[in-house]
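# Inside the fold
These are the residues of each chain, in order.
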Amino acid sequence: MTRQERTGWLFTAPVLAIIALVFVLPTALALALSVTDYSIYALADWSNLHFVGLGNFTGLLSTPLFWRALGNTLLFAVLGVPMAIGTSLFVALLLNDATVRWKPLWRVLLFAPYVTSVVATAVVWRILFNQRFGLINRALAAVGIAPVDWLGDPHVSIPAILLFVTWKIFGYNMIVFTAALSAVPGELIEAARLDGAGRWGRFRHVTLPAIGPTLLLATVMSVAGFLQIFAEPYVMTLGGPAQSTTTVLYFMFDEGFKWWNLGQASAVAFVLFLMILAVTIVQTRIGRRHEWL
């Protein structure tokens, strides 16, 4: 090993140690627990711990609530990712316009929800969504629309939570897209404008390819985030109504910390890990096909 290689390993060793500690080790422990019947009884006496192999995983296949939670989670991701990414990119494009004044102020104000407490803001939005005295229903009543039971109707509970989540997180991707847009060569945009390209044409053929890698990164992070959604439905609906907002992570939480079935909860966690890994691999291949990686 050369001196440069030893120096490289020396500088990367702390980072690799942290990755092993907070990612590799917990993943390995979760996999180990997922093949046991580890529960509150095993906490008291290790003789109650038994190896069950794939029993926890096959048990999930016959659990209707798990499939309901999986469907809800996929619905959150399918609807939420385009909402969050689209809103972030649209606002970033608006703030990137040369005619917009006080850009730093707008960026701070729009980024502020991202750094606020998710529990505190979820409580506020739960009040806003209240059917009787919520401001959203009062605004609807002002234009002649009947009140909506946003968090009590299974048909609108997911869209209501997604509205809150989009408001909460879009500021982060907005800042990322703003930085990417500032790096787009102005000469290319001006050349496209002189060639007769309109706003949509310039965006599609110049801006979008230039920010492709950033868009891919934001999409990967957003998909992983929506597949792990938990705090918002937990605070706003407790998984209801009629389990319409119960997610995989919420199901895992109940299994592990409500019923103390930690082996089953670890199996759920590992399934979620494989889901996120599979989706990330697919997104990475799409990015390489478009030469964004």
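Residues numbered from 1 in each chain as written. Predicted model: local features only at pLDDT ≥ 70, side-chain atom pairs only at ≥ 80, totals over all residues. Heavy atoms only, no water.

### Side note on the overall build of the protein chain
Looking only at helices and strands, one finds 14 helices and zero strands in the protein chain. Ordered by position in the sequence, the α and β elements of the protein chain form the string α-α-α-α-α-α-α-α-α-α-α-α-α-α. Overall, the C-alpha framework of the protein chain stretches about 75 × 75 × 30 Å when taken along its three principal axes. Buried residues in the protein chain amount to 37% of all 293 residues. A sequence separation of at least 24 residues applies to 66% of the contacts in the protein chain between residues at least 6 apart. Element-wise, carbon and sulfur atoms account for 70% of the exposed surface of the protein chain, whose accessible area totals about 17,200 Å². A gap of 8 Å separates the mean positions of the 18 positive and 13 negative side-chain charges of the protein chain. (Helix = DSSP H or I, 4+ residues; strand = E, 2+ residues; numbered from the N terminus. Buried < 20%, exposed > 50% of the residue type's maximum accessible area, 1.4 Å probe, protein only. Contact = heavy atoms within 4.5 Å. Areas by Shrake-Rupley, 256 points an atom, 1.4 Å probe, with all protein chains shown as cover. Lys, Arg positive; Asp, Glu negative; His and termini not counted. Charge placed at Lys NZ, Arg CZ, Asp CG, Glu CD.)

### Notes on the nonpolar core
Residues F129, L151, F177, F226, L227, M236 and L272 are the most contacted members of the largest nonpolar core, which totals 56 residues. The contact partners of F177, leaving out residues within four places of it in the chain, are I85, S88, L89, A92, T214, L215 and A218. (Core = buried A, V, L, I, M, F, W, Y, C linked by side-chain atoms within 4.5 Å.)

### Looking at the packing of helix α13 (residues 248-258) against helix α14 (residues 262-289)
As a packed pair, α13 and α14 sit with axes 7 Å apart at the nearest point and diverge in direction by 160°. Relative to α14, the element α13 is oriented roughly antiparallel. Relative to α14, α13 is oriented so that their crossing is left-handed. For the pair formed by α13 and α14, the contact residues are V248, L249, F251, M252, E255 and G256 on the first element and L262, Q264, A265, V268, A269 and L272 on the second. (Axes fitted to C-alpha atoms, helices over the stretch in contact; angles between N-to-C directions. Parallel < 35°, antiparallel > 145°, perpendicular 65-115°, else oblique. Left-handed = near helix turned anticlockwise from the far one by under 90°.)

### Some remarks on the packing of aromatic side chains
According to the stated counting rule, one finds 19 aromatic pairs in the structure shown. Seen from their ring centres, Y114 and Y172 are 5.1 Å apart, and the 25° between their planes marks the pair as stacked. Note that Y114 is positioned in helix α5 (residues 103-115) and Y172 in helix α8 (residues 157-182), a separation of 58 residues in sequence. Under the relative-accessibility criterion, Y114 is labelled partly exposed at 34%. An angle of 45° between the planes, with centres 5.4 Å apart, marks the rings of W125 and W167 as tilted. (Phe/Tyr/Trp six-rings, centres within 6.5 Å; stacked < 30°, edge-to-face > 60°.)

### Details of a nonpolar patch on the surface
A cluster of nonpolar side chains, namely M1, W9, V15, L16, I18, I19, L21, V22, F23, V24, L25 and L29, defines an oily patch on the protein surface of about 1,200 Å² accessible area. Mapped onto the elements of the fold, F23 is located in helix α1 (residues 3-34). The exposure class of F23 is partly exposed, given its relative accessible area of 45%. (Patch = residues over 30% accessible without salt bridge, like charges linked within 9 Å, V, L, I, M, F, W, Y side chains within 5 Å. Salt bridge = Lys/Arg side-chain N within 4 Å of Asp/Glu carboxyl O.)

### Quick look at the confidence of the model for the protein chain
Looking at the protein chain, pLDDT values average 89 and 99% of them are 70 or higher. Mean pLDDT values for the elements of the protein chain range from 73 in helix α2 (residues 40-44) up to 94 in helix α4 (residues 64-96). (pLDDT = per-residue confidence, 0-100.)

### Section: the side chain of T246
As for its position among the elements, T246 is in the loop between α12 (231-236) and α13. Its relative accessible area of 6% is what places T246 among the buried residues. From its side chain, T246 meets the backbone oxygen of G239 in a polar contact 3.0 Å long. When residues no more than four places from it in sequence are discounted, the contact partners of T246 are L65, R68, A69, N72, G239 and F251. (Polar contact = N/O pair within 3.5 Å; in protein donor to acceptor, adjacent residues only side chain to side chain.)

### Points about α4
Because each turn of an α-helix spans 3.6 residues, side chains separated by three or four positions in sequence point in the same direction. For α4, which comprises 33 residues, the first-to-last C-alpha distance of 48 Å matches the rise-based estimate of 48 Å (1.5 Å per residue) to within 8%. At G80, α4 shows its largest bend, some 30°, and a proline, P82, comes one to four positions later. (Expected span 1.5 Å × (residues − 1). Bend = angle between axes of the 7 residues up to and from the residue.)

### Focus on the side chain of T247
With respect to the helices and strands, the residue T247 is situated in the loop between α12 and α13. Excluding anything up to four places from it in sequence, T247 contacts A69, T73, F76, I229, F230 and P233.

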